[in-house]
Amino acid sequence: MHILLTNDDGVFAPGLRALRKELMKLGDVTVAAPALEQSGVAHTITLLNPLVVKQVDDDDGTTLGWSIEGSPADSVKLAICELMRRPPDLIVSGINSGANAGINVLYSGTVAAAIEGAFFKITSIAVSLELSEHFDFPRAAKQARKVIEQILANKPTNGSLFNVNIPAHSRGEAKGVKVVPMGLGRHGEGFERRQDPRGRTYYWMTYTPPRQAPGPETDVTALADGYIAVTPLHFDMTRHDLLQEVGGWDWKG
């Protein structure tokens with residue numbers, strides 16, 4: 001098996017390195033990831049600037065992979081179209097430093113990289129680790145590898161897309177795996193108003209966890225309860241249930 005590994009935290013991020021070591025137990029791993037952190041860029045692609053690419057080495061002097069001065073989606077697209085001799089059998093994005101659950105999925109560069117892989121009809125998996133004071137990436141990587149092995153054992157159709165969120169190690173041993181939908185609760189939106197030394201006003205976005213309305217269990221609640229949350233995703237944003245109704249409106253050209 002040939003695996004393409006990417007992320008949005010940058011090619012030298014500890015989450016990517018830890019996951020690479022575990023994925024090498026499953027097959028050959030090619031790394032193609034942004035040169036710099038790209039958190040929150042969603043599915044940005046580069047159209048007006050060149051994509052500078054170079055090979056980079058790991059700490060032991062061996063080749064780590066490709067460093068790409070672009071977005072996570074750029075990295076996947078370029079790797080498949082130009083850098084790899086043949087398309088990979090699997091694409092994994094992560095491990096992200098912080099959960100990508102709830103509406104964070106829509107902002108996430110980590111998830112966007114997996115979506116880009118699914119565009120190419122390649123099974124793609126995004127992996128994120130819940131925010132914590134201390135990240136235990138090696139432990140999370142082992143958990144992620146076990147989840148990935150189970151996904152592959154069930155032979156998902158080509159182009160299947162999965163989002164995996166792993167609870168912080170401070171919650172203790174993960175209680176298990178739950179397959180749950182993406183939560184739709186909004187975060188507590190807010191900004192802190194400040195002034196710089198020159199007296200100019202600027203704002204810093206604050207963060208509070210998403211508000212989970214009463215109802216069915218989601219990735220947000222499963223993660224908070226100490227479970228690994230697995231969510232099958234798709235990128236078709238069409239409201240198919242409304243096509244017939246809206247098509248029946250009295251449209252005038």
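This text follows the structure it describes.
It should be emphasised that the depicted structure is a prediction, and the values quoted were computed from it without experimental measurement. (Residues numbered from 1 in each chain as written. Predicted model: local features only at pLDDT ≥ 70, side-chain atom pairs only at ≥ 80, totals over all residues. Heavy atoms only, no water.)

The next thing to look at is helix H1 (residues 14-23). Where burial is concerned, most of H1 is hidden: 8 out of the 10 residues are buried. What H1 keeps buried is the set Gly15, Leu16, Arg17, Ala18, Leu19, Arg20, Glu22 and Leu23. Along its buried surface, H1 packs onto strand S1 (2-6), strand S2 (28-34), strand S4 (63-68), strand S5 (90-97) and helix H5 (137-153). (Buried < 20%, exposed > 50% of the residue type's maximum accessible area, 1.4 Å probe, protein only. Helix = DSSP H or I, 4+ residues; strand = E, 2+ residues; numbered from the N terminus. Contact = heavy atoms within 4.5 Å.)

Let us now look at the side chain of Ser67. Inspection of the secondary structure assignment puts Ser67 in strand S4. Since its relative accessible area comes to 6%, Ser67 is described here as buried. Excluding residues that lie within four positions of it along the chain, Ser67 makes contacts with Val11, Ala33, Ala35, Val52, Val53, Lys54 and Val56.

Time to look at empty space enclosed by the protein. Here the structure, examined in full by the defined rule, presents 1 cavity of 30 Å³ or more. Estimated volume of the largest cavity: approximately 50 Å³. Lining the largest cavity we find Leu129, Asp136, Arg139, Ala140, Gln143, Pro167, Ala168, His169, Gly172 and Ala174. Of the residues contributing to the lining of the largest cavity, the split by class is 5 nonpolar, 3 polar and 2 charged. (1 Å grid on protein atoms, 1.4 Å probe; cavity = no way out; pocket = protein on both sides within 12 Å on 5 of 7 lines; lining within 4 Å. Points joined across faces, edges and corners; volume = space filled by probe spheres on them. Nonpolar A, V, L, I, M, F, W, Y, C, P; charged D, E, K, R; others polar.)

If you trace the backbone, Gln143 turns up in helix H5. For Gln143, a relative accessible area of 13% gives the class buried.

What follows deals with the environment of Ile228. Positionally, Ile228 belongs in strand S11 (residues 228-233). Overall, Ile228 belongs to the buried group, its relative accessible area being 5%. Taking the C-alpha atoms as reference, Ile228 lies 12 Å from Ala141; in sequence the two are 87 residues apart.

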